[in-house]
2 protein chains.
Amino acid sequence: MTTSASAPIGIFDSGIGGLTVVKAIQSLLPSERILYFGDTARVPYGSKSQVTIRKYAQDDAGILMKYQPKMIIVACNTVSALAFDVVEQIGKGLPVLGVLEAGAELAVQHSRNARIGVIGTSATIASNAYSFAINAIDPDVEVFSSACPLFVPLAEEGYADHPAASMVAQEYLEKLLEQDIDTLVLGCTHYPILKHMIKKIAGPDIIIIDSAESIALKAREVLAEYDRLNDSGDAAFPHLLVSDLPQKFKALCELFLGQEIPDVELVEV
Amino acid sequence: MTTSASAPIGIFDSGIGGLTVVKAIQSLLPSERILYFGDTARVPYGSKSQVTIRKYAQDDAGILMKYQPKMIIVACNTVSALAFDVVEQIGKGLPVLGVLEAGAELAVQHSRNARIGVIGTSATIASNAYSFAINAIDPDVEVFSSACPLFVPLAEEGYADHPAASMVAQEYLEKLLEQDIDTLVLGCTHYPILKHMIKKIAGPDIIIIDSAESIALKAREVLAEYDRLNDSGDAAFPHLLVSDLPQKFKALCELFLGQEIPDVELVEV
């Protein structure tokens, strides 16, 4: 049965970034089976057009559907911002969660001065999707945003602690930090990889909203609502699919998740 | 007729990098018609696998063939290194030139101490294709290479003169420069965008080999050989095709080529 509690949670992203979501789900919902697809043959998404992003999202959701998941998590903010409806359509009635909405909710809950900063890919920021989502919850919140196009390659290439990454981050964040924001949304699933560095630049007074953590909380809530929580399952390795370079992905997985992964499967897009 | 002198020279690359080749061809062969395809929907190539790169190369060459070019130039070193035979197959007897061979030849001509450095994408460097090409010309040359995976995103995002790019470059080049090389091949068509910075780090004694310039010389030579030089044509705008974001590409083109481009066409891959 596709909707049984023992079915996997399907998660997809453009590449390795969504592993931050896998990690958060594993930690909060250790009994759940996880199915993950990373579109490593076409990463990055955030510098591409809406038409292309929607086409890719359709393919990605279609791959997950073959494995009959009980829920789909869009672990890619760019897809959440520009192609969420496409995923819902492919999902045919399954609950679909987007990191964007989860991040927006958590940010509004945490902000005390109603001034929220958002960083993301060029496509996500240009879409204004975070402003819409935040203002749909609270129209009085002021949203300030900044595109950080180099963060994805810096994260993918392992530059999390590099002074060059820090220099780039300083520039990306400078104007945002002048706006007296008290909350900063990491609006791209790759960014938690750079969280330590971003936190250092933002300073101790700004709350960092990590969309990976917020989506895990949201997933638990929605699964409970649908009565699909799996609390009897044994912890299993996540089932990992990629469209390119499974060996590289396997190595990165082990780094990210802190556990050995038996296999990463290659699928065609 | 497909092979007439007035047919276009077909050039392709993964993204904007190949415009450095367009510029070099325009400058050396101003009467030639140029057809360019940039696969902006799937850029970058150099961090992807050989299987994926070969599939993409097949698509790219197929797109050019629809316009009946008289020659194909592979302006992407990664494709030159890993999928040159695929392009020759699709080209069905047309002369096909790869930036890699052209760069290797010019480097051997220039080196006095037979110690040549090569920088390129991860895929190009891992393939050892430059070493093979250089040693096929002169087996006594020692080749030292370094992958520079962040150079493509840095070039694509306009960081040519940025201190963060310079810091990254310094690290990429450090070990190479300890090897007493006297010649450095820019083994990726994006890298000429960063040439000024690379030159500054390499110092005045190292000759920088720009594959864009060498391929233009090679193209003239081969076209003359095939009696397909167009010396009567009027200078025309290059015909530009991309798989995504034509407006962004148009703006970058104008920056690169120093001329207004009337139109950039969107094609599907």
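Residues numbered from 1 in each chain as written. Chains lettered and ligands numbered in written order. Predicted model: local features only at pLDDT ≥ 70, side-chain atom pairs only at ≥ 80, totals over all residues. Heavy atoms only, no water.

Draft legend 1. The arrangement of the nonpolar core in detail. By size, the foremost hydrophobic cluster in this structure holds 58 residues, and its most contacted members are I119(A), F151(A), I198(A), I119(B), F151(B) and I198(B). If you list the elements that add at least two residues to this core, you get α8 (151-156), α9 (163-177), β7 (183-186) and α10 (195-202) of chain A together with α8 (151-156), α9 (163-177), β7 (183-186) and α10 (195-202) of chain B. Sequence-distant contacts of I198(A), that is, excluding residues within four places in its chain, are made with I119(A), F151(A), L173(A), L184(A), L186(A), Y191(A) and I208(A). (Core = buried A, V, L, I, M, F, W, Y, C linked by side-chain atoms within 4.5 Å. Buried < 20%, exposed > 50% of the residue type's maximum accessible area, 1.4 Å probe, protein only. Helix = DSSP H or I, 4+ residues; strand = E, 2+ residues; numbered from the N terminus. Contact = heavy atoms within 4.5 Å.)

Draft legend 2. Representation of the relation of the copies chain B and chain A in the model. Superposing chain B onto chain A takes a rotation of 180° plus a shift of 0.0 Å along the axis, which leaves an RMSD of 0.0 Å. Such a combination of rotation and displacement between the chain copies is what one expects of a two-fold axis. The residues that chain B uses at the interface reappear at the interface of chain A in 100% of cases, marking a shared surface. (Least-squares fit on C-alpha atoms with pLDDT ≥ 70 in both.)

Draft legend 3. Molecular detail of the sheet that holds strand β2 (residues 34-38) of chain A. Residue and element names in this part refer to chain A. Spatial ordering of the open sheet is given by β4-β3-β1-β2-β9-β10, a layout of six strands whose pairing is parallel. Edge strands, defined here as strands with exactly one partner in the open sheet, are β4 (96-98) and β10 (264-266). Going from strand to strand, the sheet's axes swing by 20° on average, the running direction of each strand aside. Sheet topology places β2 next to strand β9 (residues 239-242); four bridges connect them, and they run parallel. Across the sheet, the residue bridging to F37 is L241, located in β9. (Pairing = 2+ DSSP bridges. Axes fitted to C-alpha atoms, helices over the stretch in contact; angles between N-to-C directions.)

Draft legend 4. How the structure looks around the packing of α9(B) against α10(B). All names here are of chain B. Two elements in contact, α9 and α10, have axes separated by 10 Å at closest approach and are oriented at 45°. Overall, the two elements α9 and α10 adopt an arrangement that is oblique. The crossing of α9 and α10 is right-handed. From α9, A165, S166, A169, Q170, L173 and L177 reach across to α10, where they touch M197, I198, I201 and A202. Considering only residue class, the contact of α9 with α10 consists of eight nonpolar, two polar and no charged. (Parallel < 35°, antiparallel > 145°, perpendicular 65-115°, else oblique. Left-handed = near helix turned anticlockwise from the far one by under 90°. Nonpolar A, V, L, I, M, F, W, Y, C, P; charged D, E, K, R; others polar.)

Draft legend 5. Highlighting the interface of chain B and chain A. With 30 residues of chain B in contact, the opposing surface of chain A contributes 30 residues. Between chain B and chain A, roughly 2,200 Å² of surface is buried when both sides are summed, and carbon and sulfur atoms account for 57% of that area. In this structure, the connection of chain B to chain A is made through zero salt bridges. Inspection of the region where chain B meets chain A yields twelve residue pairs in polar contact (both at pLDDT 80 or more). Counting only elements with at least two residues in the side of chain B that touches chain A, the list comes to α2 (50-65), α8 and α9 of chain B. Residues belonging to the side of chain B that touches chain A are distributed by class as follows: 16 nonpolar, six polar and eight charged. (Buried area = accessible area lost by both parts, 1.4 Å probe. Salt bridge = Lys/Arg side-chain N within 4 Å of Asp/Glu carboxyl O. Polar contact = N/O pair within 3.5 Å; in protein donor to acceptor, adjacent residues only side chain to side chain.)

Draft legend 6. Geometry of the side chain of E156(A). Residues and elements named next belong to chain A. Within the element layout of this structure, E156 appears in helix α8. The charged side chain of E156 is buried without a salt bridge, its nearest counter-charge being K248 at 5.1 Å. Once residues within four sequence positions are removed from consideration, E156 is found in contact with G15, I16, G17, V43 and H190. (Lys, Arg positive; Asp, Glu negative; His and termini not counted.)

Draft legend 7. Structural view of helix α4 (residues 84-91) of chain B. Residues and elements named next belong to chain B. Along α4, the residues classified as buried are F84, V86, V87 and G91. Seen along its axis, α4 keeps its buried residues to an arc of 160°; they face one direction. Directly after α4, the chain includes K92, whose backbone phi takes a positive value near 45°. (Arc of directions from axis to C-beta.)

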